[in-house]
There are 2 protein chains.
Amino acid sequence: MSDLVSRTSAQFPHVPRFEAHFQSFEEAGDRAAGAARLAALRAALAARGVQGYVVPRADAHQNEYVPPCEERLAYLTGFTGSAGLCVVLEAEAALFVDGRYTLQAPAQVDTDAFRVVPLAETTPEAWIETHLPKGATLAFDPWRTTLDGRRKLADAVAAAGGILVALEEDPLADQWTDRPAPPAAPIRLRDLALAGEAAADKVARVQAALTQEKLDLLLISDPHAVAWLFNIRGMDVAHTPIPLAWALVGAAGRPVLFTVPGQIDPAVAAALKPVADLLPRAALEGTLAQLAAGATVRLDQATAPVQLASVVERAGGTVSKGADPIALLKAVKNEAEIAGMRAAHLIDGVALARFLHWFDTVAPGGLTEIDMVEALETFRRAAGRLTDVSFPTISGAGPNGAIVHYRVTRATNRALGADELFLLDSGAQYDEGTTDVTRTLATGTPSEAMRHHYTLVLKGHLAVGRAVFPEGTSGAQIDPFARQYLWAEGLDFDHGTGHGVGAGLSVHEGPARISKLGHVPLKAGMILSNEPGFYRTGAYGIRIETLVLVEPRHPGGDRPSLGFETLTLAPYERRLIETGLLSAAERAQIDAYHRIVRDKVGPLLDPETRAWLDAATAPLT
Amino acid sequence: MSDLVSRTSAQFPHVPRFEAHFQSFEEAGDRAAGAARLAALRAALAARGVQGYVVPRADAHQNEYVPPCEERLAYLTGFTGSAGLCVVLEAEAALFVDGRYTLQAPAQVDTDAFRVVPLAETTPEAWIETHLPKGATLAFDPWRTTLDGRRKLADAVAAAGGILVALEEDPLADQWTDRPAPPAAPIRLRDLALAGEAAADKVARVQAALTQEKLDLLLISDPHAVAWLFNIRGMDVAHTPIPLAWALVGAAGRPVLFTVPGQIDPAVAAALKPVADLLPRAALEGTLAQLAAGATVRLDQATAPVQLASVVERAGGTVSKGADPIALLKAVKNEAEIAGMRAAHLIDGVALARFLHWFDTVAPGGLTEIDMVEALETFRRAAGRLTDVSFPTISGAGPNGAIVHYRVTRATNRALGADELFLLDSGAQYDEGTTDVTRTLATGTPSEAMRHHYTLVLKGHLAVGRAVFPEGTSGAQIDPFARQYLWAEGLDFDHGTGHGVGAGLSVHEGPARISKLGHVPLKAGMILSNEPGFYRTGAYGIRIETLVLVEPRHPGGDRPSLGFETLTLAPYERRLIETGLLSAAERAQIDAYHRIVRDKVGPLLDPETRAWLDAATAPLT
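The following paragraphs examine the structure supplied in this document. Note that the structure is predicted; figures quoted are calculated from it, not measured. (Residues numbered from 1 in each chain as written. Chains lettered and ligands numbered in written order. Predicted model: local features only at pLDDT ≥ 70, side-chain atom pairs only at ≥ 80, totals over all residues. Heavy atoms only, no water.)

### Points about the packing of aromatic side chains
Residues and elements named next belong to chain A.
Consideration 1: All chains considered together, the criterion is met by 27 aromatic pairs over all chains.
Consideration 2: Judged by centre distance (5.6 Å) and plane angle (50°), the ring pair of Phe18 and Phe379 falls under tilted. Placement of the pair is Phe18 in the loop between α1 (3-9) and α2 (34-47) and Phe379 in helix α15 (residues 369-381), with a sequence separation of 361 residues. Taken as a pair, Phe18 and Phe379 share a single burial class, namely buried.
Consideration 3: Seen from their ring centres, Tyr75 and Trp176 are 4.7 Å apart, and the 25° between their planes marks the pair as stacked. One end of the pair, Tyr75, is in helix α3 (residues 72-77); the other, Trp176, is in the loop between β6 (163-166) and β7 (188-189), and 101 residues separate them in sequence.
Consideration 4: Residue Tyr75 is classed as buried on the basis of its relative accessible area, which comes to 9%.
Consideration 5: Taking relative accessible area as the criterion, Trp176 reaches 8% and is therefore assigned buried.
Consideration 6: Site record: aromatic cluster; members linked through ring pairs are Phe18, Phe355, Trp358, Phe359, Phe379 and Phe422.
Consideration 7: Lying across the ring of Tyr485, Lys459 places its NZ or CZ 4.8 Å from the centre. (Phe/Tyr/Trp six-rings, centres within 6.5 Å; stacked < 30°, edge-to-face > 60°. Helix = DSSP H or I, 4+ residues; strand = E, 2+ residues; numbered from the N terminus. Buried < 20%, exposed > 50% of the residue type's maximum accessible area, 1.4 Å probe, protein only. Lys NZ or Arg CZ within 6 Å of the ring centre and 35° of its normal.)

Right, here's the structure in full:
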């Protein structure tokens with residue numbers, strides 16, 4: 001923390017010293033160890049008679065955030081990015097990373113041992129096809145590979161003339177002696193007042209969906225779905241309050257919930273027992289085998305591991321690969337969940353107003369990206385309700401703002417300069433709900449180009465926000481509204497416009513999204529982000545994000561229609577708005593939103609911050 | 001033709017008596033014969049030991065327009081719609097029709113013999129699943145069924161516990177003694193000046209595409225692709241100048257073109273022989289078997305018949321089901337094709353101006369939908385260049401305009417009333433190119449609602465027309481622009497916004513389209529329709545359609561971009577434009593388009609029509 005922050009935080013005596021509890025700025029990778037670990041892995045593979053092995057950055061649930069004990073890829077290679085995959089062959093090893101990590105990966109891994117391959121150049125499958133020797137055996141981890149993943153590997157291995165085998169035991173186990181223990185954090189019940197629907201009622205709805213799809217059994221491999229179904233929460237991974245649990249739900253009968261012994265205390269067990277049988281996680285395979293005999297079993301194509309598909313097949317069951325029906329049920333929030341999300345956004349709105357006021361009051365010169373993360377988290381903690389940040393805050397000053405998935409580290413940390421843009425994409429977990437908000441701020445005097453581009457992004461953001469559309473419309477059909485003003489000037493952004501957000505769950509939730517690929521129809525009760533952007537490499541990044549609730553609209557006409565209500569409560573950056581580019585309707589839309597922010601958040605602020613908010617939300621014209 | 005037309009056409013002495021040469025208003029179905037024909041078919045099936053049979057409305061190329069000898073469904077059932085499928089079982093027979101034909105089909109078929117089933121209620125596959133007796137054998141026609149079609153049937157039959165077999169010989173052959181002969185119309189060469197690329201060069205491009213996709217051989221089952229590749233045209237079916245030809249193109253070596261003997265005269269043969277071997281159509285299966293041995297053969301998933309997939313497999317070849325690479329090559333028009341399409345639209349623009357002038361001059365009271373079709377075709381023929389209409393004109397007065405795929409018959413023919421809307425969707429085939437245009441016209445004084453809805457549709461049409469978007473954008477991403485103003489009022493239309501159009505080929509051409517399902521990126525040189533609509537059942541229909549050419553745009557910015565140039569040259573109906581609903585930019589866009597129409601078409605008109613056009617295209621404000 002810089003001295004400046006210490007000094008200025010003295011002006012905010014009601015908040016503690018600025019610190020980040022929920023986010024690290026270190027890079028933990030062990031670059032030097034890579035070559036030796038690779039050699040040991042190869043020896044372990046040779047002992048098992050296989051010539052190659054695939055190490056994905058994945059746990060058995062395909063979670064976005066994985067526990068430390070599942071950081072196999074980081075252990076082996078030193079690479080700590082949130083996505084990646086290493087293919088180890090006898091003569092070479094390739095680490096595949098996406099565009100976010102093409103600079104970070106070579107800095108973190110021993111490039112004599114591992115060749116870093118950008119996914120944009122070659123997929124793992126194409127690489128295997130040309131690099132796996134004919135007749136060689138490639139092994140994969142059946143717990144950390146989905147059915148689709150295996151199919152892709154199988155095609156590639158077949159094209160190479162090799163053999164693909166599942167290796168149930170972990171070939172890293174012998175050498176990874178200081179592997180952290182698996183998490184087993186206490187599981188807590190989610191209040192019915194927040195969940196809005198009893199677990200038994202949810203089970204009944206899931207069972208009805210199974211019956212309708214002619215399924216006998218559902219394996220719930222997505223722990224977010226388990227948490228939703230049984231109204232439980234945990235803390236087995238960062239940023240998302242889930243236990244790493246599994247469940248089995250038959251079309252009839254009692255569901256089975258699998259957890260680590262000790263995670264469930266007697267009181268929680270007493271509450272769950274009327275709804276489900278509770279078994280230790282070690283009983284999962286055996287129980288699945290028992291229930292799968294002769295049954296059609298739905299395995300979630302996005303998360304279910306190959307290992308459990310094999311269990312179903314060996315037991316004489318039929319695997320039905322498809323969507324977990326809970327994904328759609330969970331995405332449609334009920335009244336209590338919506339109320340919780342509103343409450344979370346009000347708490348968050350207060351913290352955001354205080355942060356933005358602080359940002360405006362303290363000249364940001366000299367302050368760094370990490371200072372901003374610490375300050376924002378501290379303002380959020382001040383309300384006493386923050387349980388986590390919903391993802392590592394993206395705090396990008398100047399050119400770092402142009403890196404879409406930028407995560408600040410001590411090595412990259414940058415001071416905010418004068419006349420720069422600062423992109424801050426952050427979210428919070430409260431018991432009430434989950435938030436995700438991006439604001440792009442200006443220091444000093446922003447340039448014409450900055451204001452122009454900000455306003456184009458804002459116009460797209462507003463177009464999505466006011467869209468009205470018939471039921472059945474998908475996010476893919478909404479997405480172009482966000483881009484049209486950029487397109488007209490030969491500009492665009494290379495990410496989706498929005499993702500689903502869970503209610504006190506994951507900040508990234510399917511199945512609906514606002515993107516070219518978002519073909520799931522939007523439904524009233526879904527909550528998504530609305531976050532168009534524009535990125536000028538080496539100069540600045542702009543993104544404006546609010547969460548929106550899908551709700552019925554009644555515009556007349558003959559189609560039942562939907563629209564969005566904005567949940568996020570934070571003013572736009574008026575120093576960046578070029579009002580001349582806005583239509584009268586757009587200006588009115590901004591003013592109306594700002595009035596809501598002022599009316600809802602203002603009364604909860606101290607007088608100084610409230611005065612700031614009044615100014616920040618005053619009518620544009 | 002009404003007397004009024006005779007009288008008024010005297011005012012247009014330069015055109016002959018109004019008549020339609022290229023479109024029939026009769027319904028040819030033989031309702032009374034259905035029961036006997038069905039009985040005879042069942043006897044023929046019993047003699048072959050099968051209990052069911054599928055009769056699709058399809059020929060071996062899955063053509064939109066089929067020759068009379070392929071009208072099996074109409075022969076059997078009496079139903080003459082352009083799409084449908086009959087499943088004949090021992091105890092019952094079901095005729096599946098889509099929403100266009102749910103009224104027509106019951107009127108045309110003997111409903112004691114055939115149960116008419118709307119596709120929206122039950123698919124043939126779902127029906128088979130529940131109606132085919134366990135153990136029964138269902139036969140299908142392997143020449144008139146695609147691989148995807150067979151797969152769907154196979155799944156349904158398997159679910160029913162039955163057996164699916166291909167029946168090569170036609171079980172209708174014995175009874176259908178007056179079946180028309182297969183077409184064998186002369187094949188003509190398309191001038192290089194119109195084609196813009198020599199057949200040999202096209203073959204080289206197709207062979208490069210095959211090599212890139214690691215394919216040894218391409219079966220061209222789409223006759224439009226054959227016509228494009230060899231720069232030939234025919235007249236084997238209505239409305240599209242194609243011969244029903246097949247071709248085989250290897251990744252190397254000489255292609256083979258299969259036609260009916262006598263279709264190719266010596267001069268055409270001499271021109272084709274440097275490019276391809278010419279064989280009779282009867283040699284197709286044998287030649288394919290020869291070339292397929294050990295080869296990977298691309299079969300077009302949209303058109304290739306099961307029969308030829310079986311030939312490939314029996315010959316020891318591998319079927320690669322996928323897109324015919326010609327579809328995309330053909331969709332991107334070269335400079336000569338674009339010039340031809342422009343010329344066709346100029347010819348068409350003159351005919352449209354004369355028709356519209358006539359429509360405005362002659363009070364339409366008393367005139368009928370058929371009168372309109374006849375008048376329009378006559379104005380088109382007047383230039384001496386019309387070879388066909390590109391599809392049966394949709395001429396919908398008042399409530400008939402709300403029937404999206406309405407085709408007027410003597411039975412449905414309706415006189416235009418006063419203060420009504422009239423929807424006219426038509427197209428022409430000229431040697432130069434193909435047109436497709438819809439205008440919605442008003443008689444008398446249109447209502448507020450009519451003007452309001454027309455203007456909403458026009459706003460969507462204009463939004464598509466002025467859209468600028470980066471390369472890689474698909475039609476699915478453009479489609480919402482057409483709907484946004486209707487959506488805002490709880491309205492929509494239930495068809496795509498646009499389809500691809502061939503250059504002197506089919507008026508409906510893939511692979512790109514502007515619709516929710518149009519995921520193929522648009523490319524410069526593609527030509528598509530832009531035709532949003534609005535339909536008030538029982539009252540009126542509105543559709544506004546022009547063809548647009550995709551071309552590069554240079555808006556600045558950093559993305560290579562595309563936009564549309566409108567090819568169609570016909571004024572909008574200004575009596576229906578509510579200028580108060582238009583922005584200044586929209587009014588300017590209309591004025592600019594009208595100026596182009598006036599400048600291009602005006603000089604080719606007689607003074608009276610030109611004066612009318614000047615008024616019809618005068619600035620709105």
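### Remarks on the sheet that holds strand β17 (residues 421-426) of chain B
Backbone-to-backbone hydrogen bonds join strands into a sheet, with any given pair of strands oriented parallel or antiparallel.
Residues and elements named next belong to chain B.
Consideration 1: Spatial strand order, β16-β17-β19: three strands in an open sheet with antiparallel pairing. Two strands lie at the open edges of the sheet, namely β16 (394-397) and β19 (437-442), each paired on one side alone. Taken over all neighbouring pairs, the strand axes of this sheet differ in orientation by 10° on average, direction set aside.
Consideration 2: Those strands touched by helix α14 (residues 335-361) are β17 and β19, and its axis lies near 15° from that of β19.
Consideration 3: Running over the sheet, helix α15 (residues 369-381) touches β16, β17 and β19 and is turned about 140° from β16. (Pairing = 2+ DSSP bridges. Axes fitted to C-alpha atoms, helices over the stretch in contact; angles between N-to-C directions. Contact = heavy atoms within 4.5 Å.)

### Some remarks on the sheet that holds strand β8 (residues 217-220) of chain B
Residues and elements named next belong to chain B.
Consideration 1: Taken in spatial order, the six strands make up an open sheet running β12-β11-β10-β8-β13-β14, and their pairing is mixed. Each of the sheet's edge strands pairs with one partner strand only, and the pair in question is β12 (277-280) and β14 (318-322). Sheet twist, expressed as the average angle between the axes of neighbouring strands with direction ignored, equals 20°.
Consideration 2: As judged from the three bridges shared by β8 and strand β13 (residues 296-300), these two strands associate in the parallel manner. From the neighbouring strand, Leu219 faces β13, where its bridge partner is Leu299.

### A word on the nonpolar core
Consideration 1: A:Phe355, A:Trp358, B:Phe355 and B:Trp358 are the most contacted members of the largest nonpolar core, which totals 159 residues.
Consideration 2: Not counting residues within four places of it along the chain, the set of residues in contact with A:Phe355 comprises A:Met372, A:Ala375, A:Leu376, A:Phe379, A:Leu424 and A:Leu441. (Core = buried A, V, L, I, M, F, W, Y, C linked by side-chain atoms within 4.5 Å.)

### Things to note about the packing of helix α18 (residues 584-601) of chain A against helix α19 (residues 607-616) of chain A
Residues and elements named next belong to chain A.
Consideration 1: It is at 9 Å that the axes of α18 and α19 come closest, and there the two elements cross at 165°. Classified by the interaxial angle, the pair formed by α18 and α19 is roughly antiparallel. Viewed along their axes, α18 and α19 form a crossing whose handedness is left-handed. Along its contact with α18, which presents His594, Val597, Arg598 and Val601, the element α19 presents Leu613, Asp614 and Ala616.
Consideration 2: Grouping the constituent residues of the contact of α18 with α19 by class yields four nonpolar, one polar and two charged. (Parallel < 35°, antiparallel > 145°, perpendicular 65-115°, else oblique. Left-handed = near helix turned anticlockwise from the far one by under 90°. Nonpolar A, V, L, I, M, F, W, Y, C, P; charged D, E, K, R; others polar.)

Remember, this is a structural readout, not a statement about activity or role.
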